[in-house]
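Listed below, chain by chain, are the residues.
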Amino acid sequence: MKKNIIDDLTKRVVFLFFMGLSFTVLGQDIPADEPQSTFWKNVQFGGGLGLGIGTGFTNILVAPSAIYNINQYAAVGVGLQYSHLKQRDFFTSSMYGASLIGLFNPTEEIQLSAELEQLRVNLQNVDSDFSDDFWNTGLFIGAGYRMNNVTVGARYNLLFQADKGVYGDALIPFVRVFF
């Protein structure tokens, strides 16, 4: 029964996410002599997509994000995340949540970051009746090398606990892309 509820919720979240992507907003052209809003000129979209497939193993990740560039040094933004992980005959896990992102670029090549992440985790062990639903909070600080729209670096979870949570280590590498 509980598995059906989790599967149903997973399907609904994925459906709503892709429906949100499918909407197109049309606006009127602004004549060249009228001032344009600078807000959308300072917004960048990006995020991550992941797919891992192996023998009896599947991992799917969708993590869109958007940032607003305050100036050439600082940006703030939000992100969403959905992940589905399944190991055949062992366990199934779904995670979904949101994050707040702050970026600081002291130079063109260096990017420092802070991110507060809140994930809802649904875990189901296939071999037994064990299941666990919990919230996982991460507070990350990070640094990376920036090349145009791509940043490669590492982030450290200040709230990491070895015996709890969804991450196996406090230090996590990342690749961040914004267009």
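The written sequence of each chain sets the order in which its residues are numbered from 1. Given that this is a predicted model, residues contribute local features only at a pLDDT of at least 70 and side-chain atom pairs are listed and counted only at 80 or more, while totals for whole chains, interfaces and linings are drawn from all residues. The side-chain figures draw on all heavy atoms in the structure; neither hydrogens nor water molecules are used.

Peer 1: I tried to follow the pairing of strand β5 (residues 110-125) on my own but got confused; where do I start?
Peer 2: In regular strands, side chains alternate between the two faces of the sheet. In the sheet, strand β4 (residues 91-104) pairs with β5 via 14 bridges, with the strands oriented antiparallel. Opposite L103, over in β5, you have S113 as the bridge partner. A pair of strands is considered paired only if DSSP assigns at least 2 bridges between the two. Helix and strand definitions here come from DSSP, where helices need a minimum of 4 consecutive H or I residues and strands a minimum of 2 consecutive E residues; each element is numbered from the N-terminal end. Taken together, the 15 bridges between β5 and strand β6 (residues 131-147) define a ladder with antiparallel strand orientation. Counterpart to L119 in the pairing with β6 is N136. Joining the antiparallel neighbours β5 and β6 is a turn of five residues.

Peer 1: Hey, could you run me through the nonpolar core in this one?
Peer 2: Here is a general trend for soluble globular proteins: nonpolar side chains tend to be buried in one another's company. We define the nonpolar core as a collection of buried residues of types Ala, Val, Leu, Ile, Met, Phe, Trp, Tyr and Cys that are connected through side-chain atoms lying within 4.5 Å of one another. Burial status follows relative accessibility: with a 1.4 Å probe on protein chains alone, a residue under 20% of its type maximum counts as buried, one over 50% as exposed, and anything between as partly exposed. In terms of nonpolar packing, the biggest core is built from six residues, these being M95, L119, V121, F140, Y167 and I172. Between two residues, a contact is recorded if the distance between any of their heavy atoms is within 4.5 Å. Filtering out sequence-adjacent residues up to four positions away, Y167 remains in contact with E117, L119, N136, F140, R155, N157, F160 and I172. The next biggest cluster of nonpolar side chains, apart from the first, holds five residues, and it includes I67, A75, I101 and L103.

Peer 1: Is there a simple way to explain the packing of aromatic side chains in this structure?
Peer 2: We describe a pair of aromatic rings using the distance from one ring centre to the other and the angle between the two ring planes. Each pair of aromatic rings taken from Phe, Tyr and Trp, with Trp reduced to its six-membered ring, is defined by centres within 6.5 Å and is described as stacked if the planes are under 30 degrees apart, edge-to-face if over 60, and tilted in the remaining cases. Throughout the structure, instances matching the rule amount to four aromatic pairs. Ring centres of F140 and Y167 lie 5.7 Å apart, and the angle between their planes is 85°; this geometry places the pair in the edge-to-face category. Taken as a pair, F140 in strand β6 and Y167 in the loop between β7 (150-157) and β8 (171-177) lie far apart in primary sequence, 27 residues in all. Site record: aromatic cluster; members linked through ring pairs are F39, W40 and Y68. Charge-over-ring placement is defined geometrically: NZ (Lys) or CZ (Arg) within 6 Å of the ring centre, and within 35 degrees of the ring normal. Over the face of the ring belonging to F140 we find R155, whose NZ or CZ atom lies 3.7 Å from the ring centre. When the ring centre of F174 is taken as reference, the NZ or CZ atom of R176 above it lies at 4.3 Å.

Peer 1: Honestly, the sheet that holds β7 in this entry has me stumped. Any pointers?
Peer 2: Adjacent strands of a sheet pair through backbone hydrogen bonds, lying either parallel or antiparallel. With respect to topology, eight strands assemble into an open sheet ordered β1-β2-β3-β4-β5-β6-β7-β8, the strand pairing being antiparallel. Edge positions in the open sheet fall to β1 (43-54) and β8, since each of these has one partner strand only. For this sheet the average axis-to-axis angle between neighbouring strands, irrespective of direction, equals 20°. Note on method: axes are straight lines fitted to C-alpha atoms, helices fitted across the in-contact stretch only, with angles between N-to-C directions ranging 0 to 180 degrees.

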